[in-house]
Amino acid sequence: MSYAEQRELESTYLMGTYARKPVELVRGRGMEVEDDAGRTYLDFVSGVGAASLGHCHPVLVAALEEQARTLVHVSNYYYIEHRGEVARAVSDLLNACVPEGERAPWQSFFANSGAEANECAFKLARLHAKKRAAARAEEAGADEAAVRAAMAAAPRVIVTLDKSFHGRTLATLAATAQPAKQEAFQPLPDGFVRTPLNDVAALEALFATQGDDVCAVMVECVQGESGVHPCLPEFLQAARRLTAERGALLMCDEIQCGMFRCGTHPFGFQHFGIAPDVVTIAKGIASGFPMGMCAARAEVAASFGPGDHGSTFGGSCLAVAAAEATVRELSQGGYAESVERVGAYLRERLAELPHVAEVRGLGLMVAAELDESASAPDVVLAGLEEGLLLNFTGPHTLRFLPPLVCEESHVDALIDRLSRILTA
Ligand code: PLP
């Protein structure tokens, strides 16, 4: 079906939640996608950071083909192939920076998206606080009614950072500390409190006044949707210290910045010298196949028992086959080093361009802040004419999340084309 026909159908039958770009994409390979008219584009969006291995990577395609012929979906009622392997591989990656003797397993819940992974984390944080309160009351010899009262009074507040993004469901929207996105959908679930990014004094003041109510702090170590803003190590270390002092959880939303996106280490938090209790993962984990994970240290995960959480499709046969192939390839394929190297090159080359006022980011999670005279949405549209898929997160902010197979030659092509656009 042609672009014009597809646009007509989608405009008539889809809800208008996306302002789609005027192009229909029909196939892809590696860094490139092709439209219905056979024009090719270098993809610096990768399905918003999801197609980590690039388009139709042979390892992913083989795993999906094989699994589709074998078993597509049963239920979480049963054991299946690959689910345990993925959870173990992710646990090993989460332990990558921990000295050998100190490694302890992480346990995961499989979801279908980033928002669902975060929903799981929020429920786990609340339940963990209740179970701790109950255990303390029992230790102090409380009777059944007093234990129930202690659980009812357990800490329940989840702290998130200004300009964060944690998803579009009601609870993840409540956690997304951006009033403009929240306003139309009130009332949102309560129990979420915001604090400014990188402001240690404000976080300390929050804990001084409300610390007894806090069950968790959730952070993106590198904020993605707000335009690639890394946290300061001292801020994350303060969050770790303050949560540990209160027995609250430190939860890292690694949905965008995890899975080798930041180069050098598998996860973003590993760049900042902190050890969180809970990590949420999605996007790049299955290279474009829908999948989310909430991983927690085993002693925290132990708060969940049968029936406390669930999902019909989470961790389905196809999803875990895709994730197993992706994680294997990412772990063995030298990506940590190449993402670091190509990311540094991308940042260096972007800084040479006219109208670029600032370049931020780690690895292949990069933003270019344009000066006031240049419009990022206009650059994205002009990019299509130049054979580029680009993305903006603000009126003057371009964000680059290419597949992790991106090489220096792709960066050179991007810079040539962008420099034509920005000098026009
Ligand atoms: N958390 C972060 C940091 C994200 O960047 C996103 C999506 O962009 C989400 C959560 C939500 O993920 P999903 O769109 O898969 O629900």
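Since we're looking at a predicted model, the values are computed, not measured.

A closer look at the overall build of the protein chain
Regarding its fold elements, the protein chain presents 15 helices and 17 strands. Computed over C-alpha atoms, the radius of gyration of the protein chain comes to 22 Å, within 12% of the 22 Å expected from 2.2 N^0.38 for 424 residues, which places it in the range of a compact globule. Reported as C-alpha extents along the three principal axes, the dimensions of the protein chain are approximately 75 × 55 × 50 Å. When contacts within the protein chain are restricted to residue pairs at least 6 apart in sequence, long-range pairs at least 24 apart make up 70% of them.

Thoughts on the nonpolar core
The biggest cluster of nonpolar side chains holds 88 residues, and the ones touching the most others in it are Phe400 and Leu418. Leu418 has contacts with Leu350, Leu353, Val379, Leu388, Leu390 and Phe400, leaving out every residue within four places of it along the chain. In terms of nonpolar packing, the next biggest core, distinct from the first, is built from 27 residues, Leu173, Leu249, Val300 and Ala301 among them.

Let's talk about the site of the ligand
Around the ligand, 13 residues are found, and the nearest of them are Gly114, Ala115, Asp253, Gln256 and Lys283. Take Gln256: an N or O atom from its side chain is 2.8 Å from an oxygen atom of the ligand. For the ligand, whose unbound accessible area comes to 390 Å², protein coverage reaches 81%. A per-element tally of the shell around the ligand places helix α5 (residues 114–139) first, with 3 residues. Tallied by class, residues from the shell around the ligand come to 3 nonpolar, 6 polar and 4 charged.

Structural notes on helix α9 (residues 200–210)
All of the buried residues in α9 are Leu203, Leu206 and Phe207. One side of α9 carries all its buried residues, which in axial view fall inside an arc of 95°. Among the exposed residues of α9, those pointing more than 90 degrees away from its buried face are Ala201, Ala208 and Thr209. Taken together, the buried residues of α9 touch β5 (157–161), β6 (192–195), β7 (214–219) and α10 (233–246). Backbone nitrogen of Ala201 and a side-chain oxygen of the N-cap are separated by 3.3 Å at the start of α9; the cap is Asp199.

Thoughts on the sheet that holds strand β3 (residues 40–43)
Here 4 strands make up an open sheet; going across it, the order is β1-β2-β3-β15 and the pairing mixed. Pairing within the sheet leaves two strands with one partner each, and these edge strands are β1 (25–29) and β15 (388–389). Examined bridge by bridge, β3 and β15 share 2 bridges and lie parallel to one another. Each residue of the ladder has a partner; that of Leu42, found in β15, is Leu388.

Brief notes about the sheet that holds strand β16 (residues 391–394)
The strands that make up a sheet pair up through hydrogen bonds in the backbone, lying either parallel or antiparallel. As summarised here, the arrangement of the 4 strands in space is β13-β14-β17-β16, forming an open sheet in which the pairing is antiparallel. A single partner strand is all that each edge strand has here, and the edge strands are β13 (356–362) and β16. Direction aside, the axes of adjacent strands within the sheet are offset by 25° on average. One ladder, built from 4 bridges, connects strand β14 (residues 365–370) with strand β17 (residues 397–400); its direction is antiparallel. Looking across to β17, one finds that Ala367 is bridged to Arg399. Strands β14, β16 and β17 of the sheet are contacted by helix α14 (residues 376–385), whose axis makes an angle of about 175° with β16.

What to know about the pairing of β14
By the criterion of burial, β14 is predominantly enclosed, with 5 of the 6 residues buried. The hairpin turn running from β13 into β14, its antiparallel successor, is 2 residues long, and Gly363 in that turn takes a positive phi close to 50°.

Comments concerning the packing of aromatic side chains
Inspection of the entire model under this criterion finds 4 aromatic pairs. For the pair Phe44 and Phe400, a centre-to-centre distance of 6.4 Å together with 85° between the ring planes defines the contact as edge-to-face. On the criterion of sequence distance, the pair formed by Phe44 in the loop between β3 and α2 (46–49) and Phe400 in strand β17 is long-range, its members being 356 residues apart. With respect to class, Phe44 is no different from Phe400; both count as buried. Taking 6.1 Å as the distance between ring centres and 75° as the angle between the ring planes, the aromatic pair formed by Tyr77 and Tyr78 counts as edge-to-face.

Calculation notes
- Residue numbers here run from 1 along each chain, matching the order of that chain's written sequence.
- Restriction of local features to residues with pLDDT of at least 70 applies here, the model being predicted, together with a cutoff of 80 or more for giving and counting side-chain atom pairs; totals for whole chains, interfaces and linings are based on all residues.
- Note that water and hydrogens are dropped before the side-chain values are worked out from all heavy atoms of the structure.
- The way it works is that DSSP assigns letters per residue, a run of H or I at least four long becomes a helix, a run of E at least two long becomes a strand, and they are numbered from the N terminus.
- Only C-alpha atoms enter the radius of gyration; for comparison, a globular chain is expected to reach 2.2 Å times N to the power 0.38, where N is the number of residues.
- By definition in these notes, contact holds between two residues if any of their heavy atoms fall within 4.5 Å.
- Among buried residues, those of type Ala, Val, Leu, Ile, Met, Phe, Trp, Tyr and Cys that are joined through side-chain atoms within 4.5 Å constitute a nonpolar core.
- For each residue, the accessible area found with a 1.4 Å probe, counting protein chains only, is set against the maximum for its type, and the residue is called buried under 20%, exposed over 50%, and partly exposed in between.
- Summary of the distance rule: residues count as near a molecule or strand when at least one heavy atom falls within 4 Å of that molecule or strand.
- What qualifies as a polar contact is a pair of N or O atoms within 3.5 Å, subject to a donor-acceptor requirement within protein and to the restriction that residues adjacent in sequence count only when both atoms come from side chains.
- Every accessible area reported is derived by Shrake-Rupley at a probe size of 1.4 Å, with residue values counting cover from the shown protein chains alone.
- Each residue receives one of three labels: charged for Asp, Glu, Lys and Arg, nonpolar for Ala, Val, Leu, Ile, Met, Phe, Trp, Tyr, Cys and Pro, and polar for the others, Gly being one of them.
- The directions considered for the arc run from the helix axis to the C-beta atoms.
- A pair of strands counts as paired when DSSP detects no fewer than two bridges linking them.
- Orientation is described by axes fitted as lines to C-alpha atoms, over the contacting stretch for helices, and by angles from 0 to 180 degrees between their N-to-C directions.
- For Phe, Tyr and Trp, where Trp contributes only its six-membered ring, two rings pair if their centres lie within 6.5 Å, and the inter-plane angle classes them as stacked under 30 degrees, edge-to-face over 60, or tilted in between.

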